Amino acid sequence: MAVHASPSGAMSRTQTQRRKRIVQTAAALAVRGGVEAMQMRSVAERAGVALGTLYRYFPSKMDLVVAVVTEELDLLEGGIVRRPPTADTPAGRAVDVFLRATRGLMREPELADALVRSLIMAEVKMELDVRISDLVWRVATGALEGAGAAGREGEGEGEDSGAAVAGTGVDRESTGYVLVSSLTSVWIFELVEILKGRRDVDEVERRLHVAAERLLASF
């Protein structure tokens, strides 16, 4: 059974801190030994929580993998807000975001591989494409302000992913957003190619520039 939030929808401070400690512990194990090192019992012991408690927060190992990668995406968004892409064109700024995301994920390729495989097999619910598309749309359109937590407040609460997200200014039904989403799909495919050893980051950058210049030509 997953950890229940308070009626306001938020975990208590203690729960939040415990969850963060678990995720950081899992990430540290992954750095040293990849996904195989992220054994649930090892994570629980090193995080100082009971195994049953760990499973209440993360019902499966893949849920824990997703949490670690989500933290990487949080860091990406924070970095983008602090150091926005400076390219002159929307396409150039979009590619900058994708490359930063690629490099971040490739720091732990085993985690990235596990995540991508789980997404393809629909083993877990993680809107990686939506998270990245929202961020790229903001960067490409110059609407970067508030790109962090505001865009995640409604996650997991049943919002319609095709509708405008309250407080973020992202209209997921707009033509521009559909084009950005298509570019994100290209990026995910290229990420798979990197993980398979068929592409390097330089080749992916070149291909993303070609796709972005076509798809975002009207921005």
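Our subject in this report is the structure included herewith. (Residues numbered from 1 in each chain as written. Predicted model: local features only at pLDDT ≥ 70, side-chain atom pairs only at ≥ 80, totals over all residues. Heavy atoms only, no water.)

### Overview of the pattern of salt bridges
What counts is decided by this rule: When a carboxyl oxygen of Asp or Glu lies within 4 Å of a side-chain nitrogen of Lys or Arg, that pair is called a salt bridge.
For the structure shown, the criterion picks out 11 salt bridges. A single salt-bridge network, built from bridges that share partners, covers E190, E193, R198, R199, E203, R206 and R207.

### Examining the environment of P109
Going by this rule: By the criteria applied, helices consist of DSSP H or I runs no shorter than four residues and strands consist of E runs no shorter than two, each listed in order from the N terminus.
Its location among the elements puts P109 in helix α6 (residues 109–120). Linking P109 and L195, residues 86 residues apart in sequence, is a C-alpha distance of 7.1 Å.

### Quick look at the layout of surface pockets
Filter applied, for reference: Definitions used for this entry: grid spacing 1 Å over protein atoms alone; cavity, a set of points where a 1.4 Å probe fits but cannot get out; pocket, an open set with protein on both sides within 12 Å along at least 5 of 7 lines; lining residue, one with an atom within 4 Å of a point. Grid points are joined across faces, edges and corners, and a volume is the space filled by probe spheres set on the points. Residues are sorted three ways: Asp, Glu, Lys and Arg are charged, Ala, Val, Leu, Ile, Met, Phe, Trp, Tyr, Cys and Pro are nonpolar, and all the rest, Gly among them, are polar.
In this structure, the second largest pocket encloses a volume near 250 Å³. Forming the walls of the second largest pocket are 14 residues, and the residues nearest its centre are A27, V68, E72, E108 and L111. Breaking the lining of the second largest pocket down by element, the ones donating at least two residues are α1 (13–33), α4 (61–82), α5 (90–106) and α6. In terms of residues, the lining of the second largest pocket owes the most to one element, α4, which gives 5 residues. For the lining of the second largest pocket, the residue count by class is 9 nonpolar, 1 polar and 4 charged.

### Observations regarding α1
Put simply, the test is: A helix's residues, less one, multiplied by 1.5 Å, set its expected span.
The end-to-end C-alpha distance of α1, which contains 21 residues, comes to 30 Å, matching closely the 30 Å that a straight helix rising 1.5 Å per residue would cover. G34 lies just past α1 and shows a positive phi near 75°.

### Some details on the packing of α4 against helix α7 (residues 128–141)
If you want to describe how two helices pack, look at the angle between their axes and the distance between the axes. Applicable threshold: Axis geometry follows a simple rule: fit a line to the C-alpha atoms, using only the stretch in contact for helices, then measure angles between N-to-C directions, giving values from 0 to 180 degrees. Working definition: roughly parallel below 35 degrees, roughly antiparallel above 145 degrees, roughly perpendicular at 65 to 115 degrees, and oblique for all remaining angles. By definition, residues are in contact when any of their heavy atoms lie within 4.5 Å.
Remark: α4 packs on α7, axes separated minimally by 11 Å, with the N-to-C direction vectors making an angle of 0°. Taken together, the axes of α4 and α7 are roughly parallel relative to one another. Of α7, the residues touching α4 (which contributes T70, L73, D74, L76, E77 and I80) are L128, R131, I132, L135 and V139. Here the contact of α4 with α7 is composed, by residue class, of 7 nonpolar, 1 polar and 3 charged.

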